[in-house]
Amino acid sequence: MPEFTLRAFADQLVNGLVIGNIYALIAIGLALIFGVANLINFAHGSVYMIGAYVGWVCVTGLGWSLGPTFIVVAVVCGVLGVLIERFGLRRLQSEARIAPLLATIGISFALDQLVQLIFSPNPQSFPSPLPATRVMLGGVSIGALDALIAAITITIAAALFAFLRFTRLGWALRATAQDREAAQQMGVDVNAINALAFAVASVLGGIGGVMIGMYFTSVYPTMSYGAMVKGFAANLLGGLGSVPGAVIGGLLLGLIETFGVALFGSTYRNLFTFVILIGVLVLRPTGLFGAQRAMPPEPLTGTFVANSKPVRIPWFVAIGGLVAAALLPFISSNPYLLQIFTNAWLFAMLALSITLVTGTAGQMSLGQAGFLAIGGYASALLAMRLGWPLELSLLAGAAIAAALGTLLMWPVFRLRNQYVALATLGIGEVINQIILNWEGLTNGVLGLSNIPPLSLFGLPIVETAPIYWFALAMLVVAALFQWRLTQSHLGRTWRAMREDEVAARAFGVSLHRYKALAFIAGGLIAGLSGAFTAHMYSYINNETFAATTSILGLTMVILGGMGNMSGAVVGAIALTALPELFRPLADARYLLYGVVLLLLVRFRPQGLLGTV
Amino acid sequence: MALLEVRGLRREFGGVVAVDGVDLTVEAGETVSVIGPNGAGKTTLFNLITGLDKPDGGQVLLDGRPITGLPPEELAALGIARTFQHGRVFGNLSVLDNVLIGAHTRQAAHRLRAPVLGMMAELALALIQPPAWREERRRLREEAREVLALFGDRLLPRADQPAYSLSYANRRRTEIARALALRPRLLLLDEPTAGMNPTETAEVLEFIRALKGRGLTILLIEHKLSLVMQLSDRVIVMDDGRKIAEGAPQSVRDDPKVIEAYLGHKRQVGDARDAQPAGEDDRRAGRPQARPASVS
Ligand SMILES: Nc1ncnc2c1ncn2[C@@H]1O[C@H](COP(=O)(O)OP(=O)(O)O)[C@@H](O)[C@H]1O
Ligand SMILES: [Mg+2]
């Protein structure tokens, strides 16, 4: 641990405030959009990242100075924000509550991948064009960039405040945020206000992106994800939707994080964010400075999922499909094809678990990969450290994933709709961070290697075809398990809870209990998939089951139809196999996922086979 | 002892006192109506009795036992069932499944109350489906169909259709059917005829009369006064959160305070926005939102 002098303290204070300023900029944007459109905008981080890249192109590529750079960034990001609102979201206002949220996820996938395709996934060096001199101010060293960041943020905050307080447009914006219908009746064009909120938010996000790029002297496509989560955390800390709250939340988060890193080391940086995110959600969902009112009331109407009549797959088609799948190794001995489909079956198990939790029980989970990770690590460690036979360690891995994962998800049970998405994302990330930091158990970033291979009754299973059959068999068992449950009273109760929590409670459905049951059942299936993956690869680390895996699984589920088990399998095959079979798609797979998500939400919200 | 007793119940929203020191009793087998202009606090009163909202003061007793502030799921298990003013059927569930949710508290699974072990047992039993469970399942389905049959051929032929595909009136009927499947000791109906035409209203009237004939205890919110007059043993009138009159239907109707309350509000009917947070269901179904505030 570094020595902590007063001088170091002051330096950290400056660092924390500077970073906090940028978090505040991102958080203000999210707050504006949440306030006006009642939407958690998952694409906000991507806009920020694009702002950073535009700034990098201008400064490093074209050699521009900062003035014109900021103007171009503001214009590009502002236009991008308006486009997102106009073409991605506006038509979805009357759709099921989940639709716009999913659309923003799709947009962020697509934008991130586009940038990756254009500029490569590697970080680009982004040196600040400002002089490196630092001035001493009362014993504190302040660099030119620090001063610039502070000046820009304060100017923007003041301008925004004046705009919201003193202009007609700002008044209309606040009126819309307070009561959309009333504003509309008073003649406010709420669609234009929506677009305005997205434009302003995107400008702020983009400028924040440029500044963080210079501050850390690099830009990279995946910076969007971290920024988005930081923005959410800051926002929640100050009270979701509150602009002053976002500023204070951003500064606080910057300080907590900087001092945390100084005290415990940089691998803990993100852990703080996520712990704050969850702590606030659990203890004070209205934020530290939010009104003591309960969470914003959800409108009485609008179900979670779209109304639809599911396509019933006749039993002989299902059996036929299964037989064909089982015969595949005889039809083609191409090991590559078998590996792809083995992967598809493992993903299908993840999709089954998500379709149960999110589709059937209505708990929008963006953290389901956490169950994969727990299952994988638990089974691997039991086999490696305690020498358990594989059959036992697989099952124990699944059981531990279900138990531990559900326990960690417990805070989510009090929350609703968008908050669930946000909290599960955070909890999935906490699981990841714990794995990263608990080195004694998990070996940290190095991961676990030499995990015992798959075997059955002592016979090792290492050939491609037997592994394929093993995975397929597990999928079948998982599907039968889930089918049995969803056909019982549990399925009915889960779906009722999804449709209307208030009405379900009024008829005696205890929400916590049935949410827990959904996470346990889904966790068993996901845990088994993760455990199998660990032994199949014989190596895992914290990135094997990254957060994007959860969202990918969710995309499969939406493609097939929420709560629809055959849909989950079809979705998994489509999104795992297609990009592999058409090689050019493989490099752009997240673009594909994002576009698929967007088109589905817009044109076929019930998915290919319909909601069950 | 009264089946339901409410003492000095109070609920504030910000500055608005939605329910202001209301007392009422309902004897077993009675039908009591709560009337009053929009925004009088009737629905809030129902929410407080059924546990969906928590009172700021006062008491609710069932059989003399305090149940104030208990969560709705426990109150359902004690035999309190309700319908919602704006309709809250489970859209993607079939009509039959909607009614079966009404019977949720009567399933054997509901008796497995222990926190973790009960949950695991429920999961295991749902997986194994022992014969007793299958028998219960068959029995409850049978009963649910019987409840649907109470509505003639309105619901039974549509038992397997998703509720969202039903007509407006049929969704409201489904809601009543769901409440009946709980085998309630106390049934609360919040404007069961809202948005219905005269024929449908007359049908609901006869239906409630039949329920009453079977000895069911009913607390009814209703705007259509002719229906209230015909069904109620007693009528309670609310205005601005307070109970302003109570008594036999006839005497309440002639009470000058009641007429004043209705007339006083009638003048504002045109400009006041609906007191309810949202009337979306009505609008979506293309039904008028008219809730006639007349004493004729
Ligand atoms: N959730 C709520 N938040 C704020 N005010 C509410 C809420 N629910 C009801 N109110 C207010 O309480 C008063 C009574 O409403 P309500 O009980 O719905 O009346 P009624 O059912 O008699 O028409 C109204 O002024 C209404 O605006
Ligand atoms: Mg009402």
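Rules used in this analysis
Residues numbered from 1 in each chain as written. Chains lettered and ligands numbered in written order. Predicted model: local features only at pLDDT ≥ 70, side-chain atom pairs only at ≥ 80, totals over all residues. Heavy atoms only, no water. Helix = DSSP H or I, 4+ residues; strand = E, 2+ residues; numbered from the N terminus. Rg over C-alpha atoms; globule rule 2.2 N^0.38 Å. Buried < 20%, exposed > 50% of the residue type's maximum accessible area, 1.4 Å probe, protein only. Contact = heavy atoms within 4.5 Å. Lys, Arg positive; Asp, Glu negative; His and termini not counted. Charge placed at Lys NZ, Arg CZ, Asp CG, Glu CD. Phe/Tyr/Trp six-rings, centres within 6.5 Å; stacked < 30°, edge-to-face > 60°. Pairing = 2+ DSSP bridges. Axes fitted to C-alpha atoms, helices over the stretch in contact; angles between N-to-C directions. Salt bridge = Lys/Arg side-chain N within 4 Å of Asp/Glu carboxyl O. Polar contact = N/O pair within 3.5 Å; in protein donor to acceptor, adjacent residues only side chain to side chain. Nonpolar A, V, L, I, M, F, W, Y, C, P; charged D, E, K, R; others polar. Core = buried A, V, L, I, M, F, W, Y, C linked by side-chain atoms within 4.5 Å. Expected span 1.5 Å × (residues − 1). Parallel < 35°, antiparallel > 145°, perpendicular 65-115°, else oblique. Left-handed = near helix turned anticlockwise from the far one by under 90°.

1. Some details on the overall build of chain A
Thinking step 1. For chain A, the count of helices and strands is 24 helices and 8 strands.
Thinking step 2. Whereas a compact globule of 612 residues would reach a radius of gyration of roughly 25 Å, chain A reaches 25 Å, a difference of no more than 12%.
Thinking step 3. In terms of its C-alpha atoms, chain A occupies a principal-axis envelope of roughly 70 × 60 × 45 Å.
Thinking step 4. Counting all 612 residues of chain A, 58% fall into the buried class.
Thinking step 5. A separation threshold of at least 6 residues defines the contact pool for chain A, and within that pool the share at least 24 residues apart is 79%.
Thinking step 6. Both charge centroids of chain A, one from 30 positive and one from 21 negative side chains, sit 9 Å from each other.

2. Looking at the packing of aromatic side chains
Residue and element names in this part refer to chain A.
Thinking step 1. On inspection of all chains with the given rule, the structure shows 18 aromatic pairs over all chains.
Thinking step 2. Between F371 and F519, the ring centres sit 6.2 Å apart and the planes meet at 15°, which makes this aromatic pair stacked. One end of the pair, F371, is in helix α14 (residues 369-385); the other, F519, is in helix α21 (residues 511-537), with 148 residues separating them in the sequence. Both residues of the pair, F371 and F519, belong to the buried class.
Thinking step 3. With 5.1 Å between their ring centres and 85° between their planes, Y590 and Y593 make a pair best called edge-to-face. Of this pair, Y590 and Y593 both sit in helix α24 (residues 589-603), 3 residues apart, which is roughly one turn of the helix.
Thinking step 4. Here Y593 falls in the buried class, since its relative accessible area comes to 1%.

3. So, the sheet that holds strand β9 (residues 234-239) of chain B
All names here are of chain B.
Thinking step 1. Spatially, the 6 strands line up as an open sheet ordered β6-β7-β8-β3-β9-β10, and their pairing is mixed. Of all the strands in the sheet, the pair left with one neighbour each is β6 (80-82) and β10 (242-247). Between one strand and the next, the sheet's axes are offset by a mean angle of 20°, whatever the strand orientation.
Thinking step 2. Direction of pairing for strand β3 (residues 31-35) relative to strand β8 (residues 217-221): parallel, over a ladder of 4 bridges. Residue pairing across strands places V34 opposite I221, the latter belonging to β8.
Thinking step 3. Of the strands in this sheet, β6 and β7 (186-190) are in contact with helix α6 (residues 168-181), which crosses β7 at around 165°.
Thinking step 4. Against the sheet, helix α7 (residues 198-213) engages β3, β7 and β8, with an angle of about 150° to β8.

4. Brief notes about the sheet that holds strand β4 (residues 57-62) of chain B
Residue and element names in this part refer to chain B.
Thinking step 1. Read across the sheet, 4 strands follow the order β2-β1-β4-β5 without closing on themselves; strand pairing throughout is antiparallel. Pairing within the sheet leaves two strands with one partner each, and these edge strands are β2 (16-26) and β5 (65-66).
Thinking step 2. Bridge count between strand β1 (residues 4-13) and β4: 5 bridges; the pairing is antiparallel. Each bridged residue has a counterpart across the sheet, and for R10 the counterpart in β4 is G57.

5. Details of the interface of chain A and chain B
A common way to report how large an interface is uses the accessible area buried once the components associate.
Thinking step 1. With 40 residues of chain A at the interface, the matching set in chain B holds 49 residues.
Thinking step 2. Counting every contact that joins chain A to chain B gives 4 salt bridges.
Thinking step 3. Across the salt bridge formed by A:R513 and B:E122, the nearest N and O atoms sit 2.8 Å from each other.
Thinking step 4. Counting the contacts that link chain A with chain B gives 14 residue pairs in polar contact (both at pLDDT 80 or more).
Thinking step 5. Where the side of chain A that touches chain B is concerned, the elements lending two or more residues are α7 (180-185), α18 (464-487), α19 (489-499), α20 (501-506) and α21 of chain A.
Thinking step 6. Considering each element in turn, the side of chain A that touches chain B owes the most residues, 8 residues, to α19(A).
Thinking step 7. Class assignment of the residues belonging to the side of chain A that touches chain B gives a composition of 18 nonpolar, 11 polar and 11 charged.

6. Re the nonpolar core
Thinking step 1. Judged by nonpolar contacts, the single largest core of 247 residues is most densely connected at A:F42, A:M364, A:L366, A:W494 and A:F532.
Thinking step 2. If near-sequence neighbours (up to four positions away) are discounted, A:F532 is found in contact with A:L346, A:L394, A:L454, A:I467, A:F470, A:A471 and A:M474.
Thinking step 3. Counting residues in hydrophobic clusters, the runner-up holds 26 residues, among them B:L9, B:V26, B:L186 and B:I221.

7. Digging into helix α2 (residues 44-61) of chain A
Residue and element names in this part refer to chain A.
Thinking step 1. Compared with the 26 Å implied by 1.5 Å per residue over 18 residues, the 25 Å span of α2 between its first and last C-alpha is a close match.
Thinking step 2. Where burial is concerned, most of α2 is hidden: 15 out of the 18 residues are buried.
Thinking step 3. Downstream of α2 by one or two residues, G63 has phi in the positive range, about 70°.

8. Description of the packing of helix α15 (residues 390-409) of chain A against α21(A)
Think of two packed helices as two axes; the pair is described by the angle between the axes and how far apart they sit.
Residue and element names in this part refer to chain A.
Thinking step 1. Interaxial distance between α15 and α21 falls to 7 Å at its minimum, and their mutual angle equals 135°. The angle between the axes of α15 and α21 places the two elements in the oblique class. Like other packed secondary-structure pairs, α15 and α21 cross with a definite hand, here right-handed. Where α15 abuts α21, its residues L390, S393, L394, A398, A399, A401, A402, T406 and M409 lie against A516, F519, I520, G523, L524, G527, L528, A531, F532 and H535.
Thinking step 2. Grouping the constituent residues of the contact of α15 with α21 by class yields 14 nonpolar, 5 polar and no charged.

9. Side note on the pattern of salt bridges
Thinking step 1. Here the structure, examined in full by the defined rule, presents 28 salt bridges over all chains.
Thinking step 2. Residues A:E501 and A:K515 are paired through a salt bridge, measuring 3.2 Å at the closest nitrogen-oxygen approach. Taken together, the residues A:E501 in helix α20 and A:K515 in helix α21 connect sequence positions 14 residues apart. You'll find A:E501 and A:K515 in the same group, each marked buried.
Thinking step 3. Between B:R209 and B:E206 there is a salt bridge whose closest N-O contact spans 3.3 Å. In this pair, B:R209 and B:E206 are both assigned in helix α7, 3 residues apart and thus about one turn of the helix distant.

10. Some thoughts on unusual backbone geometry
All names here are of chain A.
Thinking step 1. Backbone geometry places T217, a non-glycine residue, at a positive phi of 50°.
Thinking step 2. Relative to the helices and strands, T217 is located in the loop between α8 (190-215) and β4 (218-219).
Thinking step 3. Of note in the backbone geometry, N443 takes a positive phi value of approximately 70° without being a glycine.
Thinking step 4. Counting through the fold element by element, N443 comes out in the loop between α17 (439-442) and β5 (448-449).

11. A short note on α8(A)
Residue and element names in this part refer to chain A.
Thinking step 1. Taking 1.5 Å of rise per residue, 26 residues should cover 38 Å, and α8 covers 37 Å from first to last C-alpha, within 8% of that figure.
Thinking step 2. Across the 26 residues that make up α8, a large majority, 23, are buried.
Thinking step 3. Following α8 by one or two positions, T217 has its phi on the positive side, about 50°.

12. Things to note about the side chain of B:T83
Residues and elements named next belong to chain B.
Thinking step 1. Turning to its location among the elements, T83 is positioned in the loop between β6 and α3 (95-102).
Thinking step 2. Overall, the relative accessible area of 3% leaves T83 in the buried class.
Thinking step 3. Looking at T83, its side chain comes within polar contact range of the main-chain nitrogen of D190, at 3.2 Å.
Thinking step 4. Non-local contacts of T83, meaning those with residues more than four positions away in its chain, are made with E175, I176, A179, L188, L189 and D190.

13. A few points about the pairing of β3(B)
Residue and element names in this part refer to chain B.
Thinking step 1. Most of β3 sits inside the fold, with 5 of its 5 residues counted as buried.
Thinking step 2. Sheet analysis places β3 next to β9, joined by 4 bridges and oriented parallel. Bridge pairing in β9 links S33 to V235.

14. Things to note about the pairing of β8(B)
Residues and elements named next belong to chain B.
Thinking step 1. Of all 5 residues making up β8, 5 are buried, and the element is well covered by its neighbours.
Thinking step 2. The two faces of β8 match: T217, L219 and I221 on one face and I218 and L220 on the other face are all buried.
Thinking step 3. Pairing of β7 with β8, which is carried by 5 bridges, proceeds in the parallel orientation. Residue pairing for β8: L186 is matched across the bridge by T217.

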